[in-house]
Amino acid sequence: MQALQKITAAFGLEWRDVPEPEQPGAQEVIVAVSAAGICGSDVHIYDWSGGYEFLRGAFPVTLGHEFAGRVAILGADVGSLSVGEPVVVIPSVECGVCKHCVAGRLDDCRDRRGIGMLRDGAFATHVRVPARNCLPLPAGIDAAVASLAEPLSIGLSALKTAQVKAGDRVLVMGPGTIGQAIAMLAKAQGAQVAIVGHNDAERLATARTLGVDATLDIEGAPEGAMRALLGDREYDVVIEATGASAAVQAGLDVLRPSGVFVVCGIHGKPISFDGAKLVRMRHQIRGTYRASRETWHEVRDFLVAHHASLAPMVTHRLPLAQALEGFEMARRKIGSKIVLVP
Ligand SMILES: [Zn+2]
Ligand SMILES: [Zn+2]
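Residues numbered from 1 in each chain as written. Chains lettered and ligands numbered in written order. Predicted model: local features only at pLDDT ≥ 70, side-chain atom pairs only at ≥ 80, totals over all residues. Heavy atoms only, no water.

1. Quick look at the packing of helix α4 (residues 149-162) against helix α10 (residues 293-310)
The contact between α4 and α10 brings their axes to 10 Å, and the two run at 115°. Classified by the interaxial angle, the pair formed by α4 and α10 is roughly perpendicular. α4 and α10 meet at a crossing whose hand is right-handed. Residues Ala149, Glu150, Leu152, Ser153, Leu156, Ser157 and Lys160 of α4 pack against Thr295, Trp296, Glu298, Val299, Phe302, Leu303 and Leu310 of α10. Of the residues belonging to the contact of α4 with α10, the class tally is eight nonpolar, three polar and three charged. (Axes fitted to C-alpha atoms, helices over the stretch in contact; angles between N-to-C directions. Helix = DSSP H or I, 4+ residues; strand = E, 2+ residues; numbered from the N terminus. Parallel < 35°, antiparallel > 145°, perpendicular 65-115°, else oblique. Left-handed = near helix turned anticlockwise from the far one by under 90°. Contact = heavy atoms within 4.5 Å. Nonpolar A, V, L, I, M, F, W, Y, C, P; charged D, E, K, R; others polar.)

2. Observations regarding unusual backbone geometry
Backbone torsion omega between Phe59 and Pro60 reads -5°, so that peptide bond is classified as cis. With respect to the helices and strands, the residue Pro60 is situated in the loop between α1 (40-47) and β4 (61-62). One non-glycine residue, Gln27, adopts positive backbone phi at about 60°. Within the fold, Gln27 resides in the loop between β2 (14-17) and β3 (28-37). Residue classification places Gln27 among the partly exposed positions, given a relative accessible area of 42%. Positive phi values are uncommon outside glycine, yet Ser258 reaches one of about 65°. Mapping Ser258 onto the fold places it in strand β15 (residues 255-263). (Buried < 20%, exposed > 50% of the residue type's maximum accessible area, 1.4 Å probe, protein only.)

3. Overview of the sheet that holds β4
Strand order in this open sheet of three strands is β2-β1-β4, and the pairing throughout is antiparallel. This sheet does not close on itself; its edge strands, each paired only once, are β2 and β4. Bridge count for strand β1 (residues 2-6) against β2 is four bridges, and the pairing is antiparallel. Within β2, the position partnered with Leu4 by the bridge is Trp15. (Pairing = 2+ DSSP bridges.)

4. Observations concerning the coordination of the zinc ion (ligand 2)
Looking at the zinc ion (ligand 2), the protein donor atoms are Cys95 (SG), Cys98 (SG), Cys101 (SG) and Cys109 (SG), and they sit 2.3 Å from it. What the four donor atoms of the zinc ion (ligand 2) show is an angle range of 102 to 119° at the metal, which sorts the shape as tetrahedral. Sequence spacing of the donors to the zinc ion (ligand 2): C-x2-C-x2-C-x7-C. Taken together, the residues Cys98 in the loop between β7 (92-93) and α2 (99-102) and Cys109 in the loop between α2 and β8 (113-114) connect sequence positions 11 residues apart. (Donors = N, O, S within 2.8 Å, 3.2 Å for Na, K, Ca; no water. Tetrahedral: all angles 85-135°; square planar, octahedral: opposite > 155°, others 65-115°.)

5. Digging into the coordination of the zinc ion (ligand 1)
Within the protein, the zinc ion (ligand 1) binds to Cys39 (SG), His65 (NE2) and Glu66 (OE); these donor distances fall in the range 2.2 to 2.3 Å. For His65, a relative accessible area of 4% corresponds to the buried category. Residue Glu66 is classed as buried on the basis of its relative accessible area of 2%.

6. Brief notes about a nonpolar patch on the surface
Among the surface-exposed residues, Ile271, Phe273 and Ile285 lie close enough to one another that they form a single nonpolar patch of about 220 Å² accessible area. Position of Ile285 among the secondary structure elements: in strand β16 (residues 284-287). Note on Ile285: relative accessible area 34%, which makes it partly exposed. (Patch = residues over 30% accessible without salt bridge, like charges linked within 9 Å, V, L, I, M, F, W, Y side chains within 5 Å. Areas by Shrake-Rupley, 256 points an atom, 1.4 Å probe, with all protein chains shown as cover. Salt bridge = Lys/Arg side-chain N within 4 Å of Asp/Glu carboxyl O.)

7. Quick word on the packing of helix α5 (residues 177-188) against α10
Each pair of packed helices gets described by two things: the angle between the helix axes and the distance between those axes. The interhelical angle for the contact between α5 and α10, taken along N-to-C directions, is 110°, at an axis separation of 12 Å. On the basis of their axis angle, the class for α5 and α10 is roughly perpendicular. In this structure, α5 meets α10 at a crossing whose hand is right-handed. Side by side, α5 and α10 meet where Met184, Leu185 and Ala188 of the first sit next to Phe302, Ser309 and Leu310 of the second. Residues of the contact of α5 with α10, tallied by class, amount to five nonpolar, one polar and no charged.

8. Here we look at the pairing of strand β9 (residues 126-130)
Across the five residues that make up β9, a large majority, four, are buried. Inspection of the sheet shows β3 paired to β9 by five bridges, in the antiparallel sense. Bridge assignment links Ile30 to a residue of β9, and that residue is Arg128.

9. Describing the pattern of salt bridges
Tallied over the full model, the rule gives 17 salt bridges. Here Glu28 makes a salt bridge to Arg128, at a shortest N to O gap of 2.5 Å. Of this pair, Glu28 sits in strand β3 while Arg128 sits in strand β9, placing them 100 residues apart in sequence. Judged by relative accessible area, which is 14%, Glu28 ranks as buried. Since its relative accessible area comes to 37%, Arg128 is described here as partly exposed. Three or more residues joined by partner-sharing salt bridges are found here, namely Glu94, Arg112, Arg132 and Arg293.

As structure tokens, this is what we get:
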């Protein structure tokens, strides 16, 4: 089969002819990929613009970590999974041998290998995955929408980290898929949500379609536009999903005393902010990352309940063979989520 792989520590990705995974090992299955989203991190790996040097040891590796598919071949001892069953796949694979894994605390494993990062992923027709990473879906869920489960899991983790409650005023910085996921989930929890972007007309338009209360493009906006967006009250929670260090101070500047600021973006450079102001405002800065398995189950249920309203997040579906066009579109911020369909 053709697989889109990273093979060297330089710009670009390459199509390579690789053997289709055949017989899965014990507790593994082969999934036939139905849809796989291009993530911002995939674009960084394509660009080789920094932050993903840890992948070098895995080259050549097939990318693609946001995906849904159908179980194609069963290994031994895979529980209740059946051939043809639609699934969404948790891309983080625990080592299975460390003391945490052995004790059953999979979320505490410190030696994970991500599917589509350190082991072959879903920009191909088939992928080998642990059976325990497959979450079954009911029939009738659009696979492209189901492939949003991974960014939704990051979004739900961010909201849990922020302890968002009904009635909170939440500012999301960064209208990419993760920012949109945070906004959707916060709205579903009864929060009032604004989202800001930077030179982001298309993704902010998607955010409006999703029902976000207010949007702002900071690029070219008049001075004080962030404050004007606020109205008369500061935000209870600000969640940053940009990875741009300047966003941190800008977000803290509109956060209420004792408010929570959550850093969700991957920052390639150190972040600086006004420490004295942080102390006097009693601001809480928290980091958030990969979701727990419990959160993944909640995301699957959210997807099943809300798949129709999540659909606008997927703006483009391209055949897998046009993946590199999709990467170029993502780099140029065309559309929102671009999903590849084998
Ligand atoms: Zn991703
Ligand atoms: Zn482990």
